[in-house]
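# Report on the structure
Below, each chain spelled out in residue letters.
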Amino acid sequence: MTDPCIICVAITGSVPTKADNPAVPVTVSEQIESTHAAFEAGASICHAHVRNDDETPSSDPEKFAALKEGVEKHCPGMIIQLSTGGRSGAGKTRGGMLSLRPDMASLSVGSNNFPTRVYENPPDLVDWLAAEMVKYDVKPEIEAFDLSHIFRAADLHAKGQIAATPYVQFVMGVKNAMPVDRQVFDFYLETVERLFPGAPWCAAGIGRDQITVNEWAVSNGGHARTGLEDNVRFDKDRLASSNAALVERVVGLCAQYERAVATPQQARALLGLR
């Protein structure tokens, strides 16, 4: 509990639209502005997807490059984590932005069910994405939607396909995947601590469970992800006014549990980033 808490803001995602919440930033300029406000509120990692003009998901490296440039300019030192998620593209197009050398990128290491589809992450694609991250010195954030994904990450690390210390994020609350369950969370944590002693970890909750998982993470010495990608509401009666508002709520949890909020420099040190 002595380490400061790293707050990751997932600004847009691939699913929420302005019809769900007008505050969802879609254009690159909106994303930069929203990220800056979240940065000022206390976020030290920006987890980013990009969209087409019609709000559909994109994996366009040029859009990622423009977003990366804007965040670097307006949020000095903020960790930029680009998504290689499967909703944004197919096959190797999912990793087409890794040559931009962001600080981090998400890496889903196994398949699982999503609300209306199978989220496919075949082994050969996982191996290729991991190799690209090693090639371009991009630290992966392992997105664990299932317990098996933590063990898959351990296998990749043992084989040298994940460099340095892994960073694992538990994703809980996706319909048809891992539910928000405290005993499951505790076992996830125990498993990470057994397989990766001393490694930093993070947790994300989807929808109304976002604040619950945020609190579990903060109170157990982990790091927290929030943002409009995962949850467009502040509570059952109100939409979230911004990504910054959701970040501020996690900052409040940090105060409640007497944990400092990590600066970008502290976050980089904790994660072993350049």
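What counts as what
Residue indices begin from 1 for each chain and proceed along its sequence in written order. Totals for whole chains, interfaces and linings use all residues, but because this is a predicted model, local features are given only for residues with pLDDT of at least 70 and pairs of side-chain atoms are given and counted only at 80 or more. Just so you know, side-chain values use all the structure's heavy atoms and leave hydrogens and water out. Stacked, edge-to-face and tilted labels apply to pairs of Phe, Tyr and Trp rings (six-membered ring for Trp) whose centres lie within 6.5 Å, assigned for plane angles under 30 degrees, over 60, and everything in between, in that order. Charge-over-ring placement is defined geometrically: NZ (Lys) or CZ (Arg) within 6 Å of the ring centre, and within 35 degrees of the ring normal. Strands here are runs of E lasting at least two residues and helices are runs of H or I lasting at least four, both read from the DSSP assignment and numbered beginning at the N terminus. For each residue, the accessible area found with a 1.4 Å probe, counting protein chains only, is set against the maximum for its type, and the residue is called buried under 20%, exposed over 50%, and partly exposed in between. If DSSP finds at least two bridges between two strands, the strands pair. Comment: axis = line fitted to C-alpha atoms, over the contacting stretch for helices; angle = value between 0 and 180 degrees taken between N-to-C directions. Any pair of residues with heavy atoms lying within 4.5 Å of one another is described as a contacting pair. What the arc describes is the spread of directions from the helix axis to the C-beta atoms. Salt bridges, as used here, are contacts in which a Lys or Arg side-chain nitrogen is within 4 Å of a carboxyl oxygen on Asp or Glu. Convention used here: angles under 35 degrees read as roughly parallel, angles over 145 as roughly antiparallel, angles from 65 to 115 as roughly perpendicular, and any remaining angle as oblique. Left-handed is the label given to a crossing in which the near helix is rotated counterclockwise from the far helix by less than a right angle, and right-handed is the label when the rotation is clockwise. Side-chain classes are defined by residue name, with Ala, Val, Leu, Ile, Met, Phe, Trp, Tyr, Cys and Pro counting as nonpolar, Asp, Glu, Lys and Arg as charged, and the others, Gly among them, as polar. A helix's residues, less one, multiplied by 1.5 Å, set its expected span.

As a further point, take the packing of aromatic side chains. What the rule picks out here adds up to 8 aromatic pairs. By the ring-pair criterion, three or more aromatic residues cluster together here, those being Phe170, Phe185, Tyr188, Trp201 and Trp216. In this structure, Arg249 is placed above the aromatic ring of Phe234, and the distance from its NZ or CZ to the ring centre is 4.7 Å.

Further remarks concern unusual backbone geometry. The phi dihedral of Arg101 falls on the positive side, at around 55°, and the residue is not glycine. In this fold, Arg101 is placed in the loop between β5 (79-82) and β6 (104-108). The partly exposed category is assigned to Arg101, whose relative accessible area is 43%. Backbone geometry at Ala164 places phi at a positive 60°, although glycine is not the residue there. Looking at where Ala164 falls in the secondary structure, it is placed in the loop between α4 (147-158) and β10 (167-172).

Reading around the barrel, the 8 strands line up as β1-β2-β5-β6-β9-β10-β11-β12 and close back on themselves, with parallel pairing between neighbours. In this sheet, adjacent strand axes meet at a mean angle of 25° when their direction is disregarded. As paired strands, strand β11 (residues 201-205) and strand β12 (residues 223-226) are joined by 2 bridges and run parallel to one another. Residue pairing for β12: Ala203 is matched across the bridge by Ala224. The strands touched by helix α2 (residues 61-74) are β2 (45-48) and β5; relative to β5, the strand with the most contacts, the crossing angle is about 165°.

Relative to the helices and strands, Gly77 is located in the loop between α2 and β5. Sequence separation between Gly77 and Glu30 is 47 residues, and the spatial gap between their C-alpha atoms is 20 Å. Aside from chain neighbours lying at most four places away, what touches Gly77 is Pro264 and Arg268.

Attention shifts here to helix α8 (residues 264-271). Residues of α8 that are buried: Pro264, Ala267, Arg268 and Leu271. Across the axial projection of α8, the buried residues extend over an arc of 100°, all falling on one side. Looking at α8, the residues exposed on the side facing more than 90 degrees away from the buried face are Gln265 and Ala269. Count one or two residues on from α8 and you reach Gly272, which has phi positive near 70°.

Inspection of the entire model under this criterion finds 12 salt bridges. Put simply, Asp127 and Arg152 hold a salt bridge, and the shortest N to O gap is 3.0 Å. Of this pair, Asp127 sits in helix α3 (residues 123-135) while Arg152 sits in helix α4; the two residues are 25 residues apart in sequence, bridging distant segments of the chain. We note a salt bridge from Glu229 to Arg225, for which the minimum N-O separation is 3.2 Å. Judged on exposure class, the residue Glu229 and its partner Arg225 are both buried. Residues participating in the shared-partner salt-bridge network are Asp127, Arg152, Asp155 and Lys159.

What follows covers the pairing of β2. Alternating positions in β2 separate into two faces, Ile45 and His47 on one and Cys46 and Ala48 on the other, with burial throughout. As defined by bridge partners, β2 adjoins β5 across 4 bridges and the pair is classed as parallel. Across the sheet, residue Ile45 finds its bridge partner in β5, namely Ile79.

Direction vectors running N to C along helix α1 (residues 28-41) and α2 enclose 30°, while the axes themselves pass 9 Å from each other. Considering the angle they form, α1 stands roughly parallel to α2. Crossing geometry of α1 relative to α2 is assigned as right-handed. Contacts between α1 and α2 involve Val28, Gln31, Ile32, Thr35 and His36 on the former and, on the latter, Lys63, Ala66, Leu67, Gly70, Val71 and His74. Residue composition of the contact of α1 with α2, by class: 5 nonpolar, 5 polar and 1 charged.

Turning our attention to α4. Over its 12 residues, α4 extends 17 Å from the first C-alpha to the last, a length consistent with the 16 Å expected when each residue adds 1.5 Å. Turning to α4, its buried residues number three or more, namely His149, Ile150, Arg152, Ala153, Ala154 and Leu156. Lining the buried residues of α4 we find β7 (112-113), α3, β9 (139-144), β10 and α5 (182-195).

Honestly, it's all geometry; don't read function into it.
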